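# Report on the structure
Spelled out, the chains give:
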Amino acid sequence: YHLLVTSIDPTAALVIAGQTSTARYRERLSRQINELNLTGAWLADATDAGQLAAFYRSAAVFASPGEPADLPSSMLSAMQLGVPVVALGTDIVRDAVGDAALLLPVERDPALLAEALAAVLADAALRARLIAAGRERVAPFDAERAATEWFRIVLEAGA
């Protein structure tokens, strides 16, 4: 984020939303934000799914520059809400999101991440492609769509 706002787009904002795992981790993030004078960055504890969904809905892009400890459900949630995703292309992420996200090499190059975020923010066609691919990726997990498909199969079987 520091590279993004100092070298590419000074108007970019960052929200780190969710529950931080430990107070020490939150303190380190806060200290970095203050030391780098990142006035557009905000640590927001989202204590329930509704709050987290509100942050996702207002996001221009979902960035996941690290390796997830488990299934990347937060990326899939972002996709379901129409938010384009930029993520580290680890095996678990690649398996979960396929080509529905802009995946970065595992080497974790901060400049490349900043450029990828800037590209998604600036390129309407890229944003639209990622949003459409993300929604398509999570469509099989949509309960309403699954119920409709199930009823279609039942009706066809009875015909």
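Summary of the structure given here.

## Regarding the packing of helix α6 (residues 110-122) against helix α7 (residues 124-138)
Running from N to C, α6 and α7 cross one another at 95°; their axes reach a closest spacing of 5 Å. The pairing of α6 with α7 is recorded here as roughly perpendicular in orientation. Contacts between α6 and α7 involve Ala 119, Val 120, Leu 121 and Ala 122 from the first element and Ala 124, Leu 126, Arg 127 and Leu 130 from the second. Classifying every residue of the contact of α6 with α7 gives 7 nonpolar, no polar and 1 charged.

## Re the sheet that holds strand β4 (residues 85-88)
If you walk across this open sheet you meet the 3 strands as β3-β4-β5, and the pairing is parallel. What marks the edges here is a single partner per strand, and that holds for β3 (62-64) and β5 (102-104). With strand direction ignored, the average angle separating the axes of adjacent strands in the sheet is 10°. Here 3 bridges tie β3 to β4, and the two strands are oriented parallel to one another. The residue bridging Ser 64 from the neighbouring strand is Ala 87, located in β4.

## Thoughts on the environment of Gly 98
If you trace the backbone, Gly 98 turns up in the loop between α5 (91-97) and β5. Overall, Gly 98 belongs to the buried group, its relative accessible area being 19%. Sequence-wise, Gly 98 and Gly 134 are 36 residues apart; in three dimensions their C-alpha atoms are separated by 9.1 Å. With sequence-adjacent residues up to four places away left out, Gly 98 is seen in contact with Val 93, Leu 103 and Arg 137.

## Remarks on the pattern of salt bridges
Enumeration over the complete set of coordinates arrives at 2 salt bridges. Here Arg 108 and Glu 67 are joined by a salt bridge, their closest N and O atoms 3.7 Å apart. In this pair, Arg 108 sits in the loop between β5 and α6 while Glu 67 sits in the loop between β3 and α4 (73-80), placing the two residues 41 residues apart along the sequence. Judged by its relative accessible area of 46%, Arg 108 falls in the partly exposed class.

## Structural notes on the packing of α4 against α7
Working note: a packed helix pair is described by the angle between its axes plus the distance between those axes. Closest axis-to-axis distance for the α4/α7 pair is 8 Å, and the angle between their directions is 115°. In terms of axis orientation, α4 runs roughly perpendicular to α7. For α4 against α7, the interelement crossing comes out left-handed. The segment α4 lies against α7, with Leu 76, Met 79 and Gln 80 engaging Gly 134, Arg 135 and Val 138. Within the contact of α4 with α7, the residues separate by chemical class into 3 nonpolar, 2 polar and 1 charged.

Parameters at a glance
Residues numbered from 1 in each chain as written. Predicted model: local features only at pLDDT ≥ 70, side-chain atom pairs only at ≥ 80, totals over all residues. Heavy atoms only, no water. Axes fitted to C-alpha atoms, helices over the stretch in contact; angles between N-to-C directions. Helix = DSSP H or I, 4+ residues; strand = E, 2+ residues; numbered from the N terminus. Parallel < 35°, antiparallel > 145°, perpendicular 65-115°, else oblique. Contact = heavy atoms within 4.5 Å. Nonpolar A, V, L, I, M, F, W, Y, C, P; charged D, E, K, R; others polar. Pairing = 2+ DSSP bridges. Buried < 20%, exposed > 50% of the residue type's maximum accessible area, 1.4 Å probe, protein only. Salt bridge = Lys/Arg side-chain N within 4 Å of Asp/Glu carboxyl O. Left-handed = near helix turned anticlockwise from the far one by under 90°.

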